[in-house]
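For reference, the chains in residue letters:
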Amino acid sequence: MKNETFNTKAPLLRNALKESMIKLNPAVMIRNPVMFVVEIGLLITLILVIAPDVFGGTTSRGFNLAVALILLSTLLFANFSEALAEGRGRAQADALKKTKQDLLARKISSSGAIQQVHSSELRKGDIVIVSQGEWIPGDGEVIEGLASVDESAITGESAPVIKESGGDFSSVTGGTRVVSDQIKIMMTADPGESFLDRMILLVEGAKRQKTPNEIALNTVLTSLTLVFLMVVITIPWIASYVDIRLEVPILIALLVCLIPTTIGGLLSAIGIAGMDRVTQFNVIATSGKAVEASGDIQTVILDKTGTITYGNRMASEWIPVGDSDEQSLARWAGICSFMDDTPEGRSVLALLDTQGIALDMTAYKEAEWIPFSAETAMSGVQLADGRSIRKGSVQSIKRWVLSQGGLVPQDLELKAEKVARAGGTPLAVAVDQTIYGLIHLKDTVKPGMRERFEQMRRLGIKTIMCTGDNPVTAATIALEAGVDDFIAECRPEDKILVIRKEQSEGKLVAMTGDGTNDAPALAQADVGIAMNSGTVAAKEAANMIDLDSDPSKLIEVIAIGKQLLMTRGALTTFSIANDIAKYFAIIPAMFMIAIPELELLNVMRLGSPQTAILSALIFNAVIIPLLIPLATKGVAYKPMSSSRLLQRNLIIYGLGGVVVPFIGIKLIDEIISLWI
Ligand SMILES: Nc1ncnc2c1ncn2[C@@H]1O[C@H](COP(=O)(O)OP(=O)(O)OP(=O)(O)O)[C@@H](O)[C@H]1O
Ligand SMILES: [K+]
Ligand SMILES: [Mg+2]
């Protein structure tokens, strides 16, 4: 979605202006109680423009009109900030829609005949065939073949990616294009429910809901507003005891200046912009809640294969054990991998191929194939003659052989450890009671991982690698990648337990993964990021999808989340600190109008009581558009501990919030005093 057309600003601004007017509708406004109070103030002031003395007041029609116009601007500015943020999301959605057209697909009917249909007619479970140059008609899973696919329409990444049946790289997305070879795909989504459809809905903000944090802050702001409302209502009542008459438009001005209009006006823009920043980073978040949660993450769980390492584990060497030799080990490894659709299984056949070893499989037609399961950490075959062949993790093969009364060769452990110490995965191969040896599966740690985990450590985040692999391989890779902790021989349900344990200590947990066996854990985590290259199940379970399939991007997502929370906090602090200055401008002015002798109250040396009130009100309005860039881009963010960040922000935005309005109000007062 790195699409340059988003930069066409003029229509975006024009639309936002129009939206700002539409959002004045009180039925819409009431969802933002702070601004709704401003709107009621506007209505009362408008009445006072028409009939200045309905409440027996003495302020001039011109002054009332000025107050009304400033209040209207305040509302429009607040609406504008929200409309602008929403507009950006919509522009992205439009760009996505362009990639979504009705396509022609070749559907394979139950009889095996190929039939041309529109992509909109395809249903979940339908099977299509897609060849070189053709578009993939919808979301699905490759069930046969291997092809390179251009996903640039979705990811913006121009290099094609390999998609193949079995394993963790089998899911394909509608609207992407096959650039070589041919694949058979089973559809996994009905029309209108595809990944792209959901993405469009999300970025359009059609489904945007307030996050729990936003709701909580909104409650605080509403309560503050009610408190100030009470205060302002009781002031004239108290004043009347000392025979001071306070004017209604001035009380309204005071109220609007005191209630948190700055944060009230910018709150939803901050949230929308946060999600937007994640999207521009090529990560799709299914909820604003997930983005916020990422800002508070304390533990990150990663799987090893495909996340920390490249995940293209390749058989690279035969290591016979006991009395067996390389020749027979290679043969049994090949036989039991013949129907193994995983990348590991295929790499075994590929190694045989490069070594020129041909297998005659005709003898094994009647065999019963046992596919790999993460649960057993084995795969294999049951031959018709009764023999049973397995390959799998050394632990599981040892257990399997022992359970049949077999023996474990003495040199197995040592040889397996040697492979593991090099960071490889040893797969043991056994036939009935005999272990023949090991297959050395090689994998490489992705570059830059160490620096990434170091950055996370500085943020106070703990990284844990959970892998199905053996403890020695796990330790080697953990050390090389620089994670804080690792858990080996992890079954899918163990990953969930790890997450639950961290959560029970009150921590928010993020997890990245790509495999079907990661799906339950992705769902359990507070932030689950699935790799776009991963399986459909993983993507369904996660609440974020990384289109670039780069797990190290988690750190940027965390940064965006932190920035979102900080921006909201900073602007809330600023908004409330502002009140002090406005209070000093308005309260003295209010009493000076009633008792002109109180001139000494004019601490800010403002032109006149009227200009003082108008200046404070104007400042209160213009600060909203002035802060839109900060609200949408987020406050400057440097990785440091949360407490130091909080301290820093209190100084900048708390102190700034007190000082800036004094200067601003004084300046505005100087300017308008020239006219009045
Ligand atoms: N095709 C296969 N046939 C037999 N055994 C396999 C096969 N693929 C992997 N294994 C073994 O099963 C173990 C567990 O696999 P699993 O996919 O659960 O975890 P993993 O891929 O090693 O780690 P991660 O959780 O980091 O992805 C592997 O470490 C390996 O020893
Ligand atoms: K205010
Ligand atoms: Mg795996």
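Residues numbered from 1 in each chain as written. Chains lettered and ligands numbered in written order. Predicted model: local features only at pLDDT ≥ 70, side-chain atom pairs only at ≥ 80, totals over all residues.

**Thoughts on the overall build of the chain**
Heads up, the rule is: Per the convention used, a helix needs a DSSP run of H or I reaching at least four residues, while a strand needs a run of E reaching at least two, with both numbered from the N terminus. Only the C-alpha atoms count toward the radius of gyration. The rule for a globule is 2.2 Å times the residue count to the power 0.38. Put plainly, a residue is buried at 20 or more neighbouring C-beta atoms within 10 Å of its own, exposed at 12 or fewer, and partly exposed in between, counting only other residues' C-beta atoms, which are placed from the backbone. For the purpose of contact definition, each residue receives a C-beta atom placed from its backbone, and two residues are in contact when these atoms lie within 7 Å.
Along its length, the chain carries 23 helices and 20 strands. Computed over the C-alpha atoms, the radius of gyration of the chain is 33 Å, more than 25% above the 26 Å expected from 2.2 N^0.38 for a compact globule of 676 residues. With respect to the principal axes defined by its C-alpha atoms, the chain has extents near 110 × 55 × 35 Å. Expressed as a percentage of the 676 residues in the chain, the buried residues total 49%. Intrachain contacts of the chain at a sequence separation of at least 6 include 69% that bridge at least 24 residues.

**Focus on the domain arrangement of the chain**
Rules: The split into domains, and so the bounds of each, comes from an automatic or database assignment of domains.
When the domains of the chain are assigned, the result is domain 1 (4–93 + 203–276 + 562–673), domain 2 (104–137 + 139–188), domain 3 (283–310 + 445–547) and domain 4 (315–442). For domain 1 and domain 4, the distance between their C-alpha centroids amounts to 70 Å.

**Digging into the sheet that holds strand β9 (residues 297–303)**
Strand pairs in the sheet, formed through backbone hydrogen bonds, run parallel or antiparallel to each other. Threshold: For two strands to be treated as a pair, DSSP must find no fewer than two bridges joining them. Axes here refer to lines fitted to C-alpha atoms; in helices the fit is confined to the stretch in contact. Angles between the N-to-C directions go from 0 to 180 degrees.
As summarised here, the arrangement of the 7 strands in space is β8-β20-β19-β18-β9-β16-β17, forming an open sheet in which the pairing is mixed. Where the open sheet ends on each side, the last strands, each with one partner, are β8 (283–285) and β17 (485–487). Across the sheet, the mean angle separating the axes of adjacent strands is 20° when strand polarity is ignored. Two elements, strand β19 (residues 527–531) and strand β20 (residues 544–546), share 3 bridges in a ladder whose sense is parallel. Bridging from a neighbouring strand, A530 pairs with I545 of β20.

**Some points on the site of ligand 1**
Put simply, the rule reads: To decide nearness, the C-beta atom of each residue is placed from the backbone, and the residue is near a molecule or strand if that atom lies within 6 Å of it. Classes in brief: Ala, Val, Leu, Ile, Met, Phe, Trp, Tyr, Cys and Pro nonpolar; Asp, Glu, Lys and Arg charged; the others, Gly included, polar.
Ligand 1 sits among 23 residues. The nearest are K304, T305, A374, S393 and G468. Its residues assigned to classes, the shell around ligand 1 comprises 5 nonpolar, 12 polar and 6 charged. Formed jointly, the shell around ligand 1 draws a minimum of three residues from each of two domains, domain 3 (283–310 + 445–547) and domain 4 (315–442).

**Notes on the UniProt feature "transmembrane region" (unreviewed entry) in the chain**
Rules: UniProt positions are given in the numbering used here, feature names are shortened, and annotations may be inferred rather than shown by experiment.
As recorded in UniProt, the feature "transmembrane region" (unreviewed entry) lies at residues 33–51, 63–80, 215–238, 250–273, 580–598, 610–630 and 650–668. The annotated region residues 63–80 carries 100% helix and 0% strand content, and the separation between its end C-alpha atoms amounts to 26 Å. For residues 580–598, helix accounts for 79% and strand for 0%, while the C-alpha atoms at its two ends are 20 Å apart.

**Some details on the sheet that holds strand β10 (residues 314–320)**
The 6 strands lie next to each other as β10-β15-β14-β13-β12-β11, forming an open sheet whose pairing is antiparallel. Lying at the two open borders of the sheet, with one neighbouring strand each, are β10 and β11 (368–373). The average undirected angle you get between the axes of adjacent strands in this sheet is 15°. Two elements, strand β14 (residues 425–431) and strand β15 (residues 434–442), share 7 bridges in a ladder whose sense is antiparallel. The residue bridging A428 from the neighbouring strand is L438, located in β15.

**Some details on the environment of S373**
You can see S373 is positioned in strand β11. S373 sits 247 residues away from D126 along the chain, and the two C-alpha atoms are 26 Å apart.

**Quick word on the pairing of strand β12 (residues 378–382)**
The buried fraction of β12 is high, at 4 of 5 residues. Here β11 pairs with β12 via 4 bridges, running antiparallel. Paired with S373 across the strands is M378, a residue of β12. Between the end of β11 and the start of β12, which pair antiparallel, lie 4 residues, with A377 showing a positive phi angle near 60°.

**Quick notes on the confidence of the model for the chain**
Note the threshold: Per residue, pLDDT measures the predictor's confidence, with a range of 0 to 100.
For the chain, the mean per-residue pLDDT works out to 88, and 94% of the residues sit at or above 70. Averaged pLDDT values over the elements of the chain bottom out at 69 in helix α6 (residues 195–204) and peak at 97 in β14. Predicted confidence is poor over residues 1–7, with pLDDT under 50, and the contacts of this stretch with residues over four places away or in other chains come to 11 contacts. Complex prediction metrics read pTM 0.75 and ipTM 0.94.

**Some thoughts on the environment of E489**
Here E489 lies in the loop between β17 and α18 (492–504). Measuring from C-alpha to C-alpha, the distance between E489 and Q395 comes to 9.2 Å, with 94 residues separating the pair along the chain. Apart from residues no more than four positions distant in its own chain, E489 is found in contact with Q395, G468, N470 and P471.

**Quick word on unusual backbone geometry**
At D181, a residue that is not glycine, the phi angle is positive and equals roughly 65°. Position of D181 among the secondary structure elements: in strand β7 (residues 177–187). Given 16 C-beta atoms within 10 Å, D181 falls into the partly exposed group. With a phi close to 60°, A377 is a non-glycine residue in the positive phi region. Within the secondary structure, A377 is located in the loop between β11 and β12. With 21 C-beta atoms counted inside 10 Å, the residue A377 sits in the buried group.

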